[in-house]
Amino acid sequence: MNKIKTTAGITWAFLGLILMIILFPGLSGFSKSFGTLPFMKINPRYSGGEVAFTQSAGACTLAVHKPVFNGLVRDRNTGFVQVDWRGKIPDQIRDTIDYDNDNVPDFVIAVDTKKPASDCCPLSGRVTGLGISSRTSFGWAARINLRKTP
Amino acid sequence: MDNSSIAVSPKKTFGKALLYTLPMFLVTFMFITGGKPDFSDPARTVAILVTFFGMNLLYFLMHYSGKTDRYRAIIFVIFALTLSFTLIRNMILIRNSMSFSQADILECKIPFCHLVIPMMILPAALTKSIIFPGTILGGFADIASMVVLWLAATVVLGRGFCSWGCFYGGWDDGFSRLRKKPLVKKISDSWKWMPFAVLLLVALTAALTMIPTYCNWICPFKAVTEFEKVTNVESAVKAGVFISLFGGLVVALPVVTRKRTQCSFLCPMGAISTLSNRITPFTMKIDTNACTQCFKCVDSCPMFALTREGIKEGTVSMFCSKCGKCMDSCSRNAIHFGIRGVPAGTRKNFSRNLFLFVSFLFMAVFSSQPIVFTLNSLYNLIF
Ligand code: SF4
Ligand code: SF4
């Protein structure tokens, strides 16, 4: 019994040695495979969610993301919608957004990118105000706070 | 392989130690230089050579002198310092500040570290996504690479990760060595269960709020890496918590107790690593035939892993981080690196040689990037 345990232990230790030796040269391959696992994507609360639709005005593209309400097991009552301006952004931005595409405007967002200052005017009971608004490497991004039921 | 029981010294002759260093020399050369060294940039060449030869000298000394922790700690502390230097310098170069901005969060550009892992498990299982504003693949400290590195180290080294792999552990390890004798000797070792409570708390609160609560509210190492810009009361309170915990658990308490108090009393990752000690191939063993029960090892252990009763029974608790400090303090070589399933007191040198190769290799390669980066920056600054 002792011999079996000893052999198993030493084998396990040598497997550990092999794993350590291949770990660094194989790191990018292992990480790539690991990165494709189903849970390896950034939660929409952080990524901003998928882009729902875009609109272009000259060299600037407005991207409106899908609203994010997700919680641990089911949707929450509060969330946000992310709006990005990509490309060559103007000094003054003012856009009226209908994020749920029901042909009724939901909010007006105004950004002074020079100052910088941002303001959001809710037009729907589901919009509760401005969350984050910031310059980014691609232009400007803002998150507008929402609640599911007005 | 030696099978003797009493007082087998891990010391080696000069030639034998050199022979044992040769494989490490070759493997680290391949991994640190990528196999094809590029000597076109003098600053980087000097940085790589100093790192490479320095590491191998310390590995040689581990074999030659038979001491483990004395030389391990040098790299471990340098790793912690240079990692912080690398992070801070990168942030200052990119953002002109040590704090990250809203844009970094919006663009998911926050560097990932292993301390997030305990909080991402439940949400990953239930929502199939990661609750952290980082990058999955590519870029600095991406999530996939960090998890793979941590996973491999944890499976092989168990809590040894906390003495050979964690780029934070070197902070309290370093401060715990500043005084020769502890000012405070009596601390209840029941506190060592605290990380399990912290683990439970942060795993649950993170799952409920979908926010990595430990990073947001507790992590003491925010004080020496990156934190949210102080713009309101909430961010000021957070900064206050980070700095107080760093000052208390990472600096002050380790200095006065000579123990790694942050790692032993707070870190939720330490709790996971502690549990992983149950499956790893390498363990600490006590050769009761060689032990004289002087209990020097109990006093020297910085992780509260040893008790007098345990020593009498020949057991080391799962809190052991395989740092080797107890071995260095034992003149009888009674406490030693061992392999699971191999009886205590047998194959002492074989087990130590194998464990040292595996753990040192991980530490050397993992720490080499920030060390090279720091030396490179210092060279450019001076010359
Ligand atoms: S206890 Fe935590 S901070 Fe300390 S070495 Fe382990 S993982 Fe790192
Ligand atoms: S028992 Fe020994 S090897 Fe383990 S943590 Fe304590 S001093 Fe380090």
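Visitor: Quick question: what am I supposed to make of the pairing of strand β7 (residues 127-136) of chain A here?
Guide: Consecutive residues of a regular strand have side chains that alternate between opposite faces of the sheet. The sheet contact formed by β7 of chain A and strand β8 (residues 139-147) of chain A spans seven bridges and is antiparallel. Within β8 of chain A, the residue paired with V127 of chain A across the bridge is L146 of chain A.

Visitor: Please explain the domain arrangement of chain B as it appears in this structure.
Guide: How big an interface is tends to be stated in terms of the accessible area lost upon association of its parts. All names here are of chain B. Each assigned domain of chain B is listed with its residue range as follows: domain 1 (12-91 + 348-383), domain 2 (98-280) and domain 3 (281-346). The distance between the C-alpha centroids of domain 1 and domain 2 comes to 24 Å. Both sides of the domain 1 and domain 2 interface together cover about 2,200 Å² of buried area, and 79% of this is carbon and sulfur. Applying the counting rule to domain 1 against domain 2 returns two salt bridges. Residue D69 is joined to R177 by a salt bridge in which the shortest nitrogen-to-oxygen separation is 2.9 Å. Taken together, the connections running from domain 1 to domain 2 amount to five residue pairs in polar contact (both at pLDDT 80 or more).

Visitor: So what exactly am I meant to see when it comes to helix α2 (residues 42-65) of chain B here?
Guide: Residues and elements named next belong to chain B. With 24 residues, α2 should reach 34 Å at 1.5 Å per residue; the first-to-last C-alpha distance of 33 Å fits that figure. Its side-chain oxygen at 3.1 Å from the backbone nitrogen of A43, D41 defines the N-terminal cap of α2. Immediately beyond the C-terminal end of α2, within one or two residues, lies G66, with a positive phi of roughly 80°.

Visitor: What is the right way to read the nonpolar core from this model?
Guide: Inside soluble globular proteins, nonpolar side chains tend to come together where they are buried. If you look at the biggest cluster of nonpolar residues, it comprises 115 residues, and the most contacted ones within it are F360 and F362 of chain B. The leading source of residues in this core is helix α17 (residues 348-382) of chain B, at 14 residues. In this view, F362 of chain B contacts M20, L23 and F24 of chain A together with L149, A153, L157, F161, W164 and G165 of chain B; residues no more than four positions away in its chain are not counted. Among the nonpolar cores identified, the runner-up in size contains 21 residues, and C60, I97, F107 and L146 of chain A belong to it.

Visitor: Please explain the layout of surface pockets as it appears in this structure.
Guide: Any space left empty among the atoms is revealed by the rolling of a water-sized probe across them. Of the pockets and cavities examined, the largest pocket occupies roughly 1,100 Å³. I132 of chain A together with I105, I211, N216 and E228 of chain B are, among the 34 residues lining the largest pocket, the residues nearest its centre. At the level of secondary structure, the elements contributing two or more residues to the lining of the largest pocket comprise α3 (44-47), β3 (78-87), β7 and β8 of chain A together with α4 (102-106), α10 (213-218), β2 (227-228) and α11 (233-257) of chain B. Class assignment for the residues of the lining of the largest pocket results in 15 nonpolar, eleven polar and eight charged.

Parameters and conventions
Here the residue index of a chain counts from 1 through its sequence in written order. As they are written, the chains are lettered A onward and the ligands numbered 1 onward, keeping that order. Totals for whole chains, interfaces and linings use every residue, but because this is a predicted model, local features are given only for residues with pLDDT of at least 70 and side-chain atom pairs only at 80 or more, for both listing and counting. Side-chain numbers come from the whole structure's heavy atoms, not from hydrogens or water. The criterion for strand pairing is that DSSP finds at least two bridges linking the strands in question. Numbering of helices and strands runs from the N terminus, with a helix taken as a DSSP run of H or I at least four residues long and a strand as a DSSP run of E at least two residues long. Start and end positions for the domains come from either an automated domain assignment or a database one. When two parts are put together, the accessible area they lose, computed with a 1.4 Å probe and summed over both, is reported as buried area. What makes a salt bridge here is a side-chain nitrogen of Lys or Arg within 4 Å of a carboxyl oxygen of Asp or Glu, nothing more. Polar contacts, as counted here, are pairs of nitrogen or oxygen atoms within 3.5 Å of one another; within protein the pair requires one atom able to donate a hydrogen and one able to accept it, and residues that are adjacent in sequence qualify only if both atoms are side-chain atoms. By this rule the span expected of a helix is its residue count minus one, scaled by 1.5 Å. Among buried residues, those of type Ala, Val, Leu, Ile, Met, Phe, Trp, Tyr and Cys that are joined through side-chain atoms within 4.5 Å constitute a nonpolar core. When a residue's accessible area, from a 1.4 Å probe over protein chains only, is under 20% of the maximum for its type it is buried; when over 50% it is exposed; and in between it is partly exposed. For this analysis, residues touch if any pair of their heavy atoms sits within 4.5 Å. A 1.4 Å probe that fits into a set of points on a 1 Å grid over the protein atoms alone but cannot get out defines a cavity; an open set with protein on both sides within 12 Å along at least five of seven lines defines a pocket, and lining residues are those with an atom within 4 Å of a point. Grid points are joined across faces, edges and corners, and a volume is the space filled by probe spheres set on the points. When residues are grouped by polarity, Ala, Val, Leu, Ile, Met, Phe, Trp, Tyr, Cys and Pro land in nonpolar, Asp, Glu, Lys and Arg in charged, and all others, Gly among them, in polar.

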